[in-house]
Amino acid sequence: MGKKNRTGKWYLGFFASILLVISGATSSLAVSAPSDTTLENATVYPASKIPDTYMSVMDSSCVSKDFCMFAGKDTLESLEIAFGNPADFASMKQVHFEVQVYHVDVDCLSANWCALVSSNGQNSSLISGDPNTFTSDSITTFTDSSVGLNSITCPTQVNCIAIGSDGDANYLIGDPTKWTSDSFKSAKPLDPDYGFSDLYVSCPSIDTCVMAGLVQNGMTKKTLFWSGSYKTFQSSKNGAFANQVWGSVVYNIYDLWCFDAYSCIAKAAIGVFDDRSVILKGSPGNWKTYEVLGGNSGLSGMD
C-alpha cells in the first residue's frame, strides 16, 4: 500500500460498520496508532451515511482531508469504488466493475490519479488513471491465474510496483498503463525451504520502498520485512529480496503504508487463528504493537 496519505496528518479506518476519521495538526499524531488521545479527534460515521450501504469497504487511499478513494465489493462480491470528500458521502461518485473480488488495494497520488489492483483467486485486475474518467470498462484483467496481486504502490504515475505471490513473489514494476500478463517478474525466498505468502509494499518516494509479508513452510511461518529503493526492485530479478529480515513475532500483514523507511503503519493479525487484530507502528522489524478490539474482523481497512 507511499502508500497512502502523504500529508501525514490523519487516518481513515473502517471498524465493523462505521467509518472512523482521526485528524490531527501534526505529523507526529499521524504516525501514532489510535489511542485515547487520538480518538478524541475522531469523527465517526455510521454505515448508513456511506454512499451505498451494501458496499463492503476493503481499502482506502487519501491524499487530503477532501479526497479519498474507497474500494470494496458489493453483496455479489463485484468490485465497487467510491471517491470524493469523505465528509460528504452523498456527493461521492461510485463506479461498479463486473469483476469478482476477494482482495483489493488502492493508492492515490492526487484527486486526479489513482491506481488499484484486485484479485479473486482466478485472476488479478488493474485500474489506473483519473478516477473521474473511470467506467466499468476501465479495468484490465491479467490472465495468469496463479498470481493474486495483494498490493500496489506508486511513488509517481509511471513508477509503480504491484506485488502478489504463488510461492514465488510475483510483481509488476514501471508504468501501469503498459502492464500486460507478460510483464510479471518473479523472485524466490532466500531460504529454499520456504515460499512467499501474502506480500505488501509501500514506496513513499522513488528512493524508499518497504515490503512486509510472510514466508511459509507448511504450518511454519516467518514474517518478512525489507526496505530498499524502487531501483533495487527494478535493477535485478532477485535484488529486491536480497536483504530480507525475519521478525521475531509472526504477524500476518494485511495492509502497509509508510512515510519513510523508519515510520510505517501496518494492519496485521496475530494468534494461532489470526484472531487478534493489531496495528503496528514504527520501523519494520522493530514494531510497536497496538491491539484493536473486535478481533481480526475489527479493522477492515485503514488509511
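Everything that follows concerns the structure shown earlier in this document.
Residues numbered from 1 in each chain as written. Predicted model: local features only at pLDDT ≥ 70, side-chain atom pairs only at ≥ 80, totals over all residues. Heavy atoms only, no water.

Chemist: Account for the sheet that holds strand β14 (residues 169-174), naming residues and giving values.
Modeler: Pairing within the open sheet is antiparallel, and its four strands lie in the order β12-β13-β14-β15. Two strands close off the open sheet at either side, each with one partner strand: β12 (148-156) and β15 (185-187). Taking each pair of neighbouring strands and ignoring which way they run, the sheet shows an average axis angle of 25°. When β12 meets strand β13 (residues 159-165), the two strands line up antiparallel, connected through six bridges. Bridge pairing in β13 places S151 opposite I163. (Pairing = 2+ DSSP bridges. Helix = DSSP H or I, 4+ residues; strand = E, 2+ residues; numbered from the N terminus. Axes fitted to C-alpha atoms, helices over the stretch in contact; angles between N-to-C directions.)

Chemist: With reference to specific residues and values, describe the environment of Y290.
Modeler: Looking at the secondary structure, you find Y290 in strand β23 (residues 286-291). With relative accessibility at 28%, the residue Y290 sits in the partly exposed group. As for Y290 and S277, which are separated by 13 residues in sequence, their C-alpha atoms are 8.6 Å apart. (Buried < 20%, exposed > 50% of the residue type's maximum accessible area, 1.4 Å probe, protein only.)

Chemist: Explain the state of the cysteines to me, and be specific about the residues and the numbers.
Modeler: Within the structure shown, the criterion is met by five disulfides. Across the disulfide, C62 is cross-linked to C68 (sulfur-sulfur distance 2.1 Å). Since a negative S-S torsion denotes a left-handed disulfide, the C62-C68 link at about 110° is right-handed. Residue C62 is classed as buried on the basis of its relative accessible area, which comes to 1%. For C68, a relative accessible area of 0% corresponds to the buried category. With a sulfur-sulfur separation of 2.1 Å, C258 is cross-linked through a disulfide to C264. Taking the sign of the torsion about the S-S bond as the criterion, the disulfide between C258 and C264, at about 105°, is right-handed. A residue is classified by how much of its surface remains accessible, and C258, at 2% relative accessible area, is buried. Here C264 falls in the buried class, since its relative accessible area comes to 2%. (Disulfide = S-S within 2.5 Å.)

Chemist: Help me get a handle on the pairing of strand β17 (residues 208-217), residues and values and all.
Modeler: Two faces make up the sheet, and in a regular strand the side chains alternate between them. Most of β17 sits out of view: eight of its ten residues are buried. Judged from the seven bridges that link them, strand β16 (residues 195-205) and β17 form a sheet pairing that is antiparallel. Across the sheet, the residue bridging to S202 is V210, located in β17. As paired strands, β17 and strand β18 (residues 220-228) are joined by nine bridges and run antiparallel to one another. Looking across to β18, one finds that G213 is bridged to L224.

Chemist: Mind laying out the packing of aromatic side chains, listing which residues take part and the relevant values?
Modeler: Counted according to the given criterion, the structure contains three aromatic pairs. With a centroid separation of 6.4 Å and 50° between ring planes, the pair formed by F67 and F83 is classed as tilted. Note that F67 is positioned in strand β5 (residues 67-73) and F83 in strand β6 (residues 78-84), a separation of 16 residues in sequence. Relative to F259, the ring of W257 has its centre 5.0 Å away and its plane inclined at 70°; by these criteria the two rings are edge-to-face. (Phe/Tyr/Trp six-rings, centres within 6.5 Å; stacked < 30°, edge-to-face > 60°.)

Scope: geometric values only; no functional claims are made or implied.
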